[in-house]
Amino acid sequence: MKSIIKYFLIILFLFSSSSCVTRLVWNTSYNDTFRQFLISQDGSMVIFLGSKYHYIFSDNTGILESILSWPGRRNLFINSKESRVDLDHNNVVTGQIVVESFFNRMPPEDYEYLRALGFRAKNKFSPLKIKLVMKGKRYLPRADLGYDLPELQRSYVISIHYQGDALENIGKMALTPITLATDSVLMLGSIILLPFRGQ
């Protein structure tokens, strides 16, 4: 009987330890603060300029381009509590960014426009929301490149989740590919980047 109890306790301990390790592997995170966003001229990329790193995301759905070209985009907000960014060991980031706008702040035609893009509300008292799933890469900012860009009216703090218990285990980061042309235009390769003027 004692051996059975001992065996049961060992199994229970191993199960508990495994659960703790799992939480450690998947729930490690750091916060980055964003007050500046860039968008590519064709709307296919969005760059989050964080206080720690740069995150360059691609969006091939066309939804991002439609949102960013919408005249009422100043009424859009990022829900940082519901948004999530995952970072793998190769500095590849997968983002689920929740964008929202309150229905009572816009005319009916704008409401229908966002609905057509996929925004939904739980009820008439809830904000319209959409979850944008994007993939990209994390980069180190360049210390010799000053970005004299307009900042958003609010700052966003988003948690970046990664595997393991130390950022040092993640592969070496490349410097940001963003450059400043002679006419003070920000470039990503041959693509012009524009500051996002919203909330």
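Residues numbered from 1 in each chain as written. Predicted model: local features only at pLDDT ≥ 70, side-chain atom pairs only at ≥ 80, totals over all residues. Heavy atoms only, no water.

## Here we look at the overall build of the protein
Along the backbone of the protein there are three helices and eleven strands. Each of the 199 residues in the protein was classed as buried or not, and the buried ones make up 39%. Excluding contacts between residues fewer than 6 apart, the proportion of contacts in the protein whose partners are at least 24 apart in sequence is 70%. Taken as a whole, the protein presents about 11,900 Å² of accessible surface, with 56% of it coming from carbon and sulfur. (Helix = DSSP H or I, 4+ residues; strand = E, 2+ residues; numbered from the N terminus. Buried < 20%, exposed > 50% of the residue type's maximum accessible area, 1.4 Å probe, protein only. Contact = heavy atoms within 4.5 Å. Areas by Shrake-Rupley, 256 points an atom, 1.4 Å probe, with all protein chains shown as cover.)

## Side note on the environment of Lys52
Within the secondary structure layout, Lys52 lies in the loop between strand E2 (45–50) and strand E3 (54–58). By relative accessible area, which is 39% here, Lys52 ends up partly exposed. When the C-alpha positions of Lys52 and Tyr139 are compared, they lie 9.4 Å apart, and in sequence the two are 87 residues distant. Setting aside chain neighbours within four positions, we find Lys52 in contact with Tyr30, Asn31, Asp32 and Pro141. Among the polar contacts listed, one links the side chain of Lys52 to the backbone oxygen of Asn31, at a separation of 2.9 Å. (Polar contact = N/O pair within 3.5 Å; in protein donor to acceptor, adjacent residues only side chain to side chain.)

## Re the nonpolar core
Formed by 36 residues in total, the largest nonpolar core has its most connected members in Phe48, Tyr55, Phe57, Leu114 and Phe119. With near-sequence residues (within four places) excluded, Leu114 lies in contact with Trp70, Leu76, Ser101, Met106, Phe119 and Leu128. Formed by ten residues, the second largest nonpolar core is a distinct cluster that contains Ile47, Tyr139, Ile178 and Leu188. (Core = buried A, V, L, I, M, F, W, Y, C linked by side-chain atoms within 4.5 Å.)

## Focus: the confidence of the model for the protein
Put simply, the protein has an average pLDDT of 77, and 71% of its residues get 70 or more. Across the protein, strand E5 (residues 84–87) holds the top mean pLDDT of 93, while helix H1 (residues 2–27) sits lowest at 45. Contacts from residues 5–24, a stretch scored under 50 in pLDDT, to residues over four places away or in other chains number three contacts. (pLDDT = per-residue confidence, 0-100.)

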